[in-house]
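As a plain string of letters, each chain reads:
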Amino acid sequence: MISAPDPTRAWPALNELRLATILRQMIDIYSPSGKEEDIQLYLEELLRAGGLQVRRQEVEEERYNLIVSLGEREPRLYLVGHVDTIAAWDLSEYVARQEDGLIYGLGSADMKGGCAAMVEAFLTLAQLLPPAERPPVGLLLVVGEEENGDGSAAFLESCRPPWVVIGEPTGLMPNFAHYGYLEAVFTTIGRRTHSSLPELGHNAVESMLRVLLHLGRDPLFFDRGRSGIIYSIREMTSSQAGFVVPDRCETWIDLHLPPEMDPAVVEAAIRNRAEGAKALIPDLKLEFTSNLAARGYSLDLDNPLARQLSAIYPKLQLPWRCDSFRSHSDGNLFHQAGVKPLILGPGALEVAHTPEEYTPLHEVVSAAKIYLALCLLAENL
């Protein structure tokens, strides 16, 4: 058995060619949220062929998580990856291509690179260790993260391990803190009339623009330099009815909140500010809803996983520094359920969800080494 104090001795057993192939094949399988079965079938077959026992966990009909457990005790640590992606920008261009050490393609960073590294780590563990000597660790490949996190929610109904490592793109920087999230939806209702007679109607788009300007004047929440809140107007749509004044406009805003900020407090303050717009905008009919809210967290860095990583990173010639994950992820769900999540994976958040998404292959290899080492040290968690 590989000695736990020096898990890096296992690194030469990683198959880098196999890892690159797994990643390219995963990218080539189109797996938007809700349509993950093809990629789960591929991964299930791959893991079984590597000598691992794989269990399906049903989320809904034809949608399921994959779970692999090693060791003779309940896993102390799970590696968690989501196999779903956003919808393709162009169905003819989502497949993988490799150039100058970078692997391009839909989901390469978010987060098929992390998933491939986790799968390779488990295939290596199965190759190196007989069942009785395997560490108490698990691999969880979930569906639905890009939508509502229903895959992770299904897992948490029956299992809450002490630690999870989620392979979201962090450029291999450990993120023991995580931003919160609030999804705000504003709807203005107007009165439709012919486009040549706007004075007889009420333009819902004009009202929406005035509402957004009113919100933007609140420095507490919409001044990026002062509030700490990261907001993005994600989408604005209006009624499509031809040559008329639009009678409905809807705007979706993503708000990423510093770890210590309570989404409920932010929601209440925005709702109060929005109500104030009615006194400034004639005949305003405004609705505000929040479909999704998740509180952030910040774990104490004096923890066993951080100590393990601080010893591993110099051996990979990686700088040891930690950060906060700025996006929304299943990490919020795990923390809310009492599980300690570390967000750590290859690739960069800034290229995720873009037409030129990519991940550096050397980061995927390093991620596999990190995951393998953490698994071999899981007895100490």
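This text follows the structure it describes.
Residues numbered from 1 in each chain as written. Predicted model: local features only at pLDDT ≥ 70, side-chain atom pairs only at ≥ 80, totals over all residues. Heavy atoms only, no water.

**Considerations on the pattern of salt bridges**
- For the structure on display, the rule yields 18 salt bridges.
- For R48, the salt bridge identified is with E44, shortest N-O distance 3.1 Å. Remark: E44 and R48 occur in helix α2 (residues 37–49); sequence separation between them is 4 residues, near one turn of the helix.
- Residue classification places R48 among the partly exposed positions, given a relative accessible area of 44%. (Salt bridge = Lys/Arg side-chain N within 4 Å of Asp/Glu carboxyl O. Helix = DSSP H or I, 4+ residues; strand = E, 2+ residues; numbered from the N terminus. Buried < 20%, exposed > 50% of the residue type's maximum accessible area, 1.4 Å probe, protein only.)

**With respect to the sheet that holds strand β9 (residues 180–189)**
- With antiparallel pairing, the 4 strands of this open sheet are ordered in space as β10-β11-β9-β12. Both edges of this open sheet fall to β10 (230–238) and β12 (286–294), since each of them pairs with a single strand only. Strand after strand, the sheet turns through a mean of 15 degrees between neighbouring axes, direction not considered.
- Two elements, β10 and strand β11 (residues 248–257), share 8 bridges in a ladder whose sense is antiparallel. Its bridge partner being in β11, T237 is matched across the sheet by E250. (Pairing = 2+ DSSP bridges. Axes fitted to C-alpha atoms, helices over the stretch in contact; angles between N-to-C directions.)

**Remarks on the packing of aromatic side chains**
- Counted under the stated rule, the structure contains 6 aromatic pairs.
- For the ring pair Y78 and F155, a centre distance of 5.1 Å and an interplane angle of 70 degrees mean the geometry is edge-to-face. Of this pair, Y78 sits in strand β3 (residues 77–82) while F155 sits in helix α4 (residues 150–156); the two residues are 77 residues apart in sequence, bridging distant segments of the chain.
- Of the residues examined, F155 reaches a relative accessible area of 1% and is grouped as buried. (Phe/Tyr/Trp six-rings, centres within 6.5 Å; stacked < 30°, edge-to-face > 60°.)

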